[in-house]
Amino acid sequence: MNMREIVTHNLGLKVLSLTLAVALWLFVAAERESETGLSVPVVFENLPPGLVIVGRPLARIDVRVAGPKILLLRLHGDRPTLHLDLKDAREGTTAFPALEAAIRIREGVRVTRVTPAAIEVGLARAGTKGN
């Protein structure tokens, strides 16, 4: 057999084998655990009537997330957000510890670190000094 016959013999099976090998490699590489950092916007919800936020609250926090590489790649189109509910807040300072639980993120991905770890929000009556 010459070289051309060796290459072209069972060409369909060779192409199929190569395709399956590449597909398997992509599947394994995509499922591998990875970690990345994100800048997540902070959204304040349900501000009680008559109260305003004073000072400059954080607009974004830094978050480290881990999970399968394919899910982390999908986060770029589906950015997580941090929603802080001010429904029960009163005048003064309201603290939000344990921010990991408030971050809305896709299933299969977990938050490994949040910076800062807690947020404090100052609230005052509308029309008072300091706002």
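The following paragraphs examine the structure supplied in this document. (Residues numbered from 1 in each chain as written. Predicted model: local features only at pLDDT ≥ 70, side-chain atom pairs only at ≥ 80, totals over all residues. Heavy atoms only, no water.)

### Some thoughts on the environment of Asn-46
Inference 1: Summarising the element assignment, Asn-46 is placed in the loop between strand S1 (33-45) and strand S2 (51-54).
Inference 2: Not counting the four nearest positions on each side in its chain, Asn-46 is found in contact with Asp-85, Leu-86 and Lys-87. (Helix = DSSP H or I, 4+ residues; strand = E, 2+ residues; numbered from the N terminus. Contact = heavy atoms within 4.5 Å.)

### Some points on the side chain of Thr-94
Inference 1: Along the chain, Thr-94 turns up in strand S5 (residues 92-96).
Inference 2: Take Thr-94: its relative accessible area is 16%, and that puts it in the buried class. (Buried < 20%, exposed > 50% of the residue type's maximum accessible area, 1.4 Å probe, protein only.)

### Some remarks on the sheet that holds strand S3 (residues 60-68)
Inference 1: Reading across from one edge, S6-S4-S1-S3-S7 is the order of the 5 strands in this open sheet, with mixed pairing throughout. On the outer flanks of this sheet lie strand S6 (103-104) and strand S7 (110-115), each paired with one strand and no other.
Inference 2: Where S1 lies against strand S4 (residues 81-85), 4 bridges are found, and the strand directions are parallel. Its bridge partner being in S4, Phe-44 is matched across the sheet by Leu-84. (Pairing = 2+ DSSP bridges.)

### Things to note about the sheet that holds strand S8 (residues 119-125)
In sheet architecture, strand pairing relies on hydrogen bonds along the backbone and comes in two forms, parallel and antiparallel.
Inference 1: Reading across from one edge, S2-S8-S5 is the order of the 3 strands in this open sheet, with antiparallel pairing throughout. With one partner strand each, in any of the chains shown, S2 and S5 form the two edges of the open sheet. Neighbour-to-neighbour, the strand axes of this sheet turn through a mean angle of 35°, independent of strand direction.
Inference 2: The sheet contact formed by S2 and S8 spans 4 bridges and is antiparallel. Across the sheet, the residue bridging to Val-52 is Ala-124, located in S8. (Axes fitted to C-alpha atoms, helices over the stretch in contact; angles between N-to-C directions.)

### Remarks on the nonpolar core
Inference 1: One finds Ile-61, Val-63, Val-65, Leu-82, Leu-84, Leu-99 and Ile-119 to be the most contacted residues of the largest nonpolar core, which totals 22 residues.
Inference 2: With near-sequence residues (within four places) excluded, Leu-84 lies in contact with Val-42, Val-43, Phe-44, Glu-45, Phe-96, Leu-99, Ala-102 and Ile-119. (Core = buried A, V, L, I, M, F, W, Y, C linked by side-chain atoms within 4.5 Å.)

### Quick notes on a nonpolar patch on the surface
Inference 1: Nonpolar side chains collect at one region of the surface, where Met-1, Met-3, Ile-6 and Val-7 lie side by side and expose about 470 Å² of accessible area between them.
Inference 2: Relative to the helices and strands, Val-7 resides in helix H1 (residues 3-8).
Inference 3: A relative accessible area of 48% means that Val-7 is categorised as partly exposed. (Patch = residues over 30% accessible without salt bridge, like charges linked within 9 Å, V, L, I, M, F, W, Y side chains within 5 Å. Areas by Shrake-Rupley, 256 points an atom, 1.4 Å probe, with all protein chains shown as cover. Salt bridge = Lys/Arg side-chain N within 4 Å of Asp/Glu carboxyl O.)

### Considering the side chain of His-83
Inference 1: Checked against the element boundaries, His-83 lands in strand S4.
Inference 2: Assessed through its relative accessible area of 18%, His-83 is described here as buried.
Inference 3: Separated by 2.6 Å, the side chains of His-83 and Glu-45 make a polar contact.
Inference 4: Side chain to side chain, His-83 and Arg-104 meet in a polar contact 3.4 Å long.
Inference 5: Not counting chain neighbours up to four residues away, the residues in contact with His-83 comprise Val-43, Glu-45, Ala-102 and Arg-104. (Polar contact = N/O pair within 3.5 Å; in protein donor to acceptor, adjacent residues only side chain to side chain.)

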